[in-house]
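Next come the chains, spelled out residue by residue.
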Amino acid sequence: QVQLVQSGGGLVQAGGSLRLSCAASGRTFSVYVMGWFRQAPGKERELITAIRYNGGSTYYADSVKGRFTISRDNAKNTVYLQMNRLKSEDTAVYYCAARTSFDTMSYAPPGYGDWGQGTQVTVTS
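Residues numbered from 1 in each chain as written. Predicted model: local features only at pLDDT ≥ 70, side-chain atom pairs only at ≥ 80, totals over all residues. Heavy atoms only, no water.

Asks: Even after reading the chapter, I still don't get the side chain of Gln6, so can you show me in this structure?
Replies: With respect to the element layout, Gln6 can be found in strand S1 (residues 2–8). Of the polar contacts made by the side chain of Gln6, one reaches the backbone oxygen of Tyr94; its length is 2.9 Å. Polar contacts involving the side chain of Gln6 include one to the main-chain amide nitrogen of Gly118, which spans 3.0 Å. Excluding residues within four positions of it along the chain, Gln6 makes contact with Ser21, Cys22, Trp36, Tyr94, Tyr95, Cys96, Gly116, Gln117, Gly118 and Thr119. (Helix = DSSP H or I, 4+ residues; strand = E, 2+ residues; numbered from the N terminus. Polar contact = N/O pair within 3.5 Å; in protein donor to acceptor, adjacent residues only side chain to side chain. Contact = heavy atoms within 4.5 Å.)

Asks: Would you mind showing me how to read the nonpolar core here?
Replies: One broad rule of soluble globular proteins: the nonpolar side chains tend to lie buried together. In terms of nonpolar packing, the biggest core is built from 28 residues, with Leu4, Met34, Trp36, Phe68, Leu81, Met83 and Tyr94 touching the most fellow members. For this core, the elements supplying multiple residues, two or more each, are S1, strand S3 (18–26), strand S4 (33–39), strand S5 (46–52), strand S7 (68–73), strand S8 (78–83), strand S9 (92–99) and strand S11 (119–124). Phe37, Ala50, Ala97 and Tyr112 belong to the second largest nonpolar core, which has seven residues in total. (Core = buried A, V, L, I, M, F, W, Y, C linked by side-chain atoms within 4.5 Å. Buried < 20%, exposed > 50% of the residue type's maximum accessible area, 1.4 Å probe, protein only.)

Asks: I keep staring at the pattern of salt bridges and nothing clicks. Help me out?
Replies: Side-chain pairs of opposite charge can arise where the charged atoms are in close proximity. On inspection of all chains with the given rule, the structure shows five salt bridges. Asp90 is paired through a salt bridge with Arg38; the nearest N and O atoms lie 2.9 Å apart. Taken together, the residues Asp90 in the loop between S8 and S9 and Arg38 in strand S4 connect sequence positions 52 residues apart. Notably, a salt bridge pairs Arg52 with Asp103, separated by 3.0 Å at the nearest N-O pair. With Arg52 in strand S5 and Asp103 in the loop between S9 and strand S10 (114–115), this residue pair connects regions lying 51 residues apart in the sequence. Since its relative accessible area comes to 25%, Arg52 is described here as partly exposed. (Salt bridge = Lys/Arg side-chain N within 4 Å of Asp/Glu carboxyl O.)

Asks: How should I be thinking about the sheet that holds S7 in this particular structure?
Replies: Hydrogen bonds between backbone atoms are what pair the strands of a sheet, whose relative direction is either parallel or antiparallel. Taking strand neighbours across the sheet as the criterion, the four strands line up as S1-S3-S8-S7 in an open arrangement whose pairing is antiparallel. Each having just a single partner strand, S1 and S7 make up the two edges of the open sheet. Neighbouring strand axes in the sheet, compared pairwise and without regard to direction, differ in orientation by 20° on average. Relative to S8, S3 is paired through six bridges, and the arrangement is antiparallel. What sits directly across from Ala23, in S8, is Thr78. (Pairing = 2+ DSSP bridges. Axes fitted to C-alpha atoms, helices over the stretch in contact; angles between N-to-C directions.)

Asks: Can you help me understand the pairing of S11 in this one?
Replies: Side chains on a regular strand alternate between the two faces of the sheet. Residues Thr119, Val121 and Val123 of S11 are buried on one face, while the alternating residues Gln120, Thr122 and Thr124, pointing to the opposite face, are not. Bridging between strand S2 (residues 10–13) and S11 involves four bridges; their strand directions are parallel. From the neighbouring strand, Val12 faces S11, where its bridge partner is Val123. Bridging between S9 and S11 involves three bridges; their strand directions are antiparallel. Within the sheet, the bridge partner assigned to Val93 lies in S11 and is Gln120.

Any link to function would need more than the numbers given here.
Shown next, in the form of structure tokens:
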């Protein structure tokens, strides 16, 4: 099992930036993919970006492409989500998640077995 602890988030004006962190512990050697999801009120949880550890390939949803960046610090076992040019529609609870089952990219929540606690991001216009 992988334990994930998130930090960052909060309230920001539209056009501003925030960085989320996700620190992993436990069986970190078993992680194949780390993803960032978000869930807005009344909506399904959606994958916005992910990084595959073998090879470093990344995925970005169209809604965040060019504004958000996923990165990782191997020494700290931490994955980051840099969010720039935030919009009101980015308001949601953000979750990091680890995929340890298969070494393939996964785009839906069932593909990830370990989750962070979630953090609120609110963008005011």
